Amino acid sequence: MHQGSRTCQISSEGAVLDACYTLAGDKVATCSSTGAIQVWSCETSEASWDLLHVEELPDQPTLLAWCHPEHGQVLAVGTSSGTVHILQGPPPSSSSTSSSSENGNSSSQQQHSREGWGVTGKLPRGQGAVSALAFAPRQQGLVLAVGYSSSPAAAARLGSSLGSSSSVLLFEAAGVVRQQLQWTLLGKIQLPVEADSCSSLCWREAAAGLPPLLAVGHSRGGGIWAYQQPSMRWKELCSLPIPAAAQQQQQQQQQQQLQAMHWAPALSRPRELLAASFGSTVALYSLTPAAPQNKTVSNNTLQQPGQQQLAGLQVELVTVMEHPAPVWKLEFNMIGNTLACSLDGMPEVWFWMPVGMQRLEGLAEWSVVSKIKGNPEAKAQAADGHMLD
């Protein structure tokens, strides 16, 4: 078994609140309790991270999200005040890249990448702190979903008309080609009145004949919403049932809201699979289209020829996966047959795979097939020195 740890210094002051990698994994952005946002780059195969940019914001940043690189170097920064700042880097320069590769010297390219960073936009504030960020799939344009947590005090302080309870606002950017982004409010998802926070957002990958689908987690559970083109509004297709284990923890006053979600890649699977974590319990759901009134569905797949909107979704709780600590992040692999769960407070990642006759559909029992355990001493050193492990 290979054992090792890689630690790099990323901040001299304050605790790191969030870290986010780009799709290629060559850049990472971090935000700290001091209000500083740092963008780091690793241009070589060596474990050497260079600081590209430092941005100081007037309010406290708490969440980060990169857009798809097809739209440029765009970083969304959510804050505790409810404002979302847009940090933008320089557009890719093919000329500098080609010249540096021909000369065997990347110094000009690195210098170019350090210049041109800055805050280029600020989205309207919602009523409450930003609690979730997620960019839509690239095929749907540069669209950002922002979830908010609400409270009476925050609503009175902000005095905004964007929403009175926890909600999700969707913004779209124009001017992507010119890299001069202009953001407008595209839509709004109003969460149940009893839900006081939006805790997680996850888009379904784009597909022809399928409307945009967004899974939303909140303090009272979760649901799946679809954009209805005729009415130009978002409609809730279904709600996600809370597992019995998580309900028991809630009854024992151990609040276990839906913390993280991830949609498995479809890849012609007969059913859609969605994983969601409720504290230490991870639930796996099977999603199939609900038949409209007086009609039948030819197959279980969401993507059907000529289909532009869904009447609803049928949800089935396939299985639950228990962990010794809360799961703060989870993700399927690229073919959807392995689920990785990262534990909060423990340097461990658990890998689950289906076993049995129905493993190709994902409906079989899921078992732990592997674990990655970090070095607790390295984790303690990283926490003391404000490092990224």
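The name an unreviewed UniProt entry gives the protein is Anaphase-promoting complex subunit 4 WD40 domain-containing protein, with Tetradesmus obliquus as the organism. Recorded under Sequence similarities (unreviewed entry), the UniProt text for the protein is reproduced unchanged: "Belongs to the WD repeat SEC13 family." Turning to the protein, the UniProt record has this under Subcellular location (unreviewed entry): "Nucleus envelope".

(A) Up close: the packing of aromatic side chains. Counted by the stated rule, this structure contains 6 aromatic pairs. Taking the centre distance of 6.1 Å and the plane angle of 65 degrees together, the rings of Tyr 21 and Trp 49 count as edge-to-face. Taken together, the residues span a long stretch of sequence, with Tyr 21 in strand S2 (residues 16–21) and Trp 49 in the loop between strand S4 (36–41) and strand S5 (50–56) at a distance of 28 residues. A ring pair is formed by Phe 332 and Trp 366, whose centres lie 6.3 Å apart and whose planes are at 75 degrees; its orientation type is edge-to-face. Here Trp 366 lies in strand S25 (residues 365–373) and Phe 332 lies in strand S22 (residues 327–332), a separation of 34 residues in the sequence. The residues Phe 332 and Trp 366 share a single accessibility class, namely buried. Through a chain of ring-to-ring contacts, the aromatic side chains of Trp 203, Tyr 227 and Trp 234 assemble into a single cluster.

(B) Spotlight on the pattern of salt bridges. For the coordinates displayed, the defined rule picks out 4 salt bridges. With a closest N to O distance of 3.2 Å, Arg 138 and Glu 70 form a salt bridge. In this pair, Arg 138 is assigned in the loop between strand S10 (130–135) and strand S11 (143–148) and Glu 70 in the loop between strand S6 (61–66) and strand S7 (74–79), connecting sequence segments 68 residues apart. Residue Glu 272 pairs with Arg 204 through a salt bridge whose shortest N-O separation is 2.6 Å. With Glu 272 in strand S19 (residues 272–278) and Arg 204 in the loop between strand S14 (198–203) and strand S15 (213–218), this residue pair connects regions lying 68 residues apart in the sequence.

(C) Region of the structure containing unusual backbone geometry. Its identity is not glycine, yet Met 232 carries a phi of approximately 55 degrees, on the positive side. For Met 232, the position within the fold is in the loop between strand S16 (221–228) and strand S17 (233–239). Residue classification places Met 232 among the exposed positions, given a relative accessible area of 56%.

So, how was this worked out
Residues numbered from 1 in each chain as written. Predicted model: local features only at pLDDT ≥ 70, side-chain atom pairs only at ≥ 80, totals over all residues. Heavy atoms only, no water. UniProt positions renumbered as here; feature names shortened; annotations may be inferred. Phe/Tyr/Trp six-rings, centres within 6.5 Å; stacked < 30°, edge-to-face > 60°. Helix = DSSP H or I, 4+ residues; strand = E, 2+ residues; numbered from the N terminus. Buried < 20%, exposed > 50% of the residue type's maximum accessible area, 1.4 Å probe, protein only. Salt bridge = Lys/Arg side-chain N within 4 Å of Asp/Glu carboxyl O.

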